[in-house]
Amino acid sequence: MRALLFAANWKMHIGPQEARTYLSTFLGQYSERPDRQVWFFPPAVSLEAVATIVAKRPDLLAGAQDIYWEPKGAYTGAISGPLAAQAGARATLIGHSERRHVFGETYEQTGKKLAAAVRAGLHPVLCVGETLAQRDAGETLTVVTRQLEAAFGARVEVQATVAYEPVWAIGTGRNATPQDAALVHQAIRGWLNDRQAGETRILYGGSVNVKNASQLLAERELDGVLVGGASLDPKIWAELVRTAAT
Ligand code: PGA
């Protein structure tokens, strides 16, 4: 059976109280199915609230949106892998395009964060993707490969998930076509296979919504989706997860 992963990236939305209300609606509208898992990436302040609730359902999981690479210390505003794990996180996004482009995170830093996630026992979800200028210059595969190399380094044996999120498709309403995504997914899979990496799921992200999720997931190269905007309303998110075809 093809098992799909639906990951919700709440970004800077949904505080702890709102998260409890959200999950009570979501749980009422979405019953466990054997062919899909749903992972939530709330803001750090809501992590414990989400993790406590989803711990009751084996198909659901909570993760951090970002971690710092040091385990502890004088790093005001940052949270470490062990701190996120203590709040109940079992996974973490690494190198999301907003971390790279808004906060200036470098390729080298994604590598340090991926290693830190593994040390803390968090499943890394590495986000990669090209800008529009890079795509127009025909550099998509070079950029994505460089991002993989920088983040994984020699650690390709780690259990991880990769999310291909073209920067031009994030929050713009303009999603990649299933064929666009499939070409890049194949290249990522090829890169991982060449290095004998373990079984790695590859998600697509960027303007996924209730209307286009089934069409995107009909492409067998996609093992799931990473969704921002369309995951913020629990009813819409439940409908997306429930109705997307396998
Ligand atoms: P979007 O965001 O679904 O709002 O485009 C996706 C993401 O940034 O992970």
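Residues numbered from 1 in each chain as written. Predicted model: local features only at pLDDT ≥ 70, side-chain atom pairs only at ≥ 80, totals over all residues. Heavy atoms only, no water.

What follows covers the pairing of strand β1 (residues 4-9). Burial of β1 is extensive: six of the six residues sit out of reach of the surface. A two-sided burial pattern is seen for β1, the buried positions comprising Leu 4, Phe 6 and Ala 8 on one face and Leu 5, Ala 7 and Asn 9 on the other. Looking at chain direction, β1 and strand β2 (residues 36-41) are connected through six bridges and run parallel. Each bridged residue has a counterpart across the sheet, and for Asn 9 the counterpart in β2 is Phe 41. With helix α1 (residues 16-29) bridging β1 and the parallel β2, this β-α-β connection has right-handed handedness. As defined by bridge partners, β1 adjoins strand β8 (residues 224-227) across four bridges and the pair is classed as parallel. Across the sheet, the residue bridging to Ala 7 is Leu 226, located in β8. (Buried < 20%, exposed > 50% of the residue type's maximum accessible area, 1.4 Å probe, protein only. Helix = DSSP H or I, 4+ residues; strand = E, 2+ residues; numbered from the N terminus. Pairing = 2+ DSSP bridges. Right-handed = clockwise from strand over helix to strand, strands pointing away.)

Core analysis: the biggest nonpolar cluster contains 65 residues, and Phe 40, Phe 152, Ile 188 and Trp 237 have the highest contact counts within it. Residues within four places of Phe 40 in sequence aside, it is in contact with Ala 8, Trp 10, Tyr 22, Leu 23, Phe 26, Val 50, Val 54, Leu 60, Leu 61, Ala 62, Gly 63 and Trp 237. Within the second largest apolar cluster, twelve residues are counted, among which are Leu 5, Val 125, Cys 127 and Ala 163. (Core = buried A, V, L, I, M, F, W, Y, C linked by side-chain atoms within 4.5 Å. Contact = heavy atoms within 4.5 Å.)

Enumeration over the complete set of coordinates arrives at nine aromatic pairs. The interplanar angle of 85° and the centroid separation of 5.4 Å between the aromatic rings of Phe 26 and Phe 40 together place this pair among those described as edge-to-face. On the criterion of sequence distance, the pair formed by Phe 26 in helix α1 and Phe 40 in strand β2 is long-range, its members being 14 residues apart. For the pair Phe 26 and Phe 40, a shared accessibility class is recorded, and that class is buried. Geometrically, the ring pair formed by Phe 152 and Trp 191 is tilted, given 6.0 Å between the ring centres and 35° between the ring planes. Here Trp 191 lies in helix α8 (residues 178-194) and Phe 152 lies in helix α7 (residues 140-152), a separation of 39 residues in the sequence. The exposure classification of Phe 152 matches that of Trp 191, with both residues buried. One aromatic cluster is present, formed by Trp 10, Tyr 22, Phe 26, Tyr 30 and Phe 40 through successive ring pairs. The ring of Phe 103 has Arg 99 sitting right over it, with the charged end atom 4.0 Å from the ring centre. (Phe/Tyr/Trp six-rings, centres within 6.5 Å; stacked < 30°, edge-to-face > 60°. Lys NZ or Arg CZ within 6 Å of the ring centre and 35° of its normal.)

Any link to function would need more than the numbers given here.
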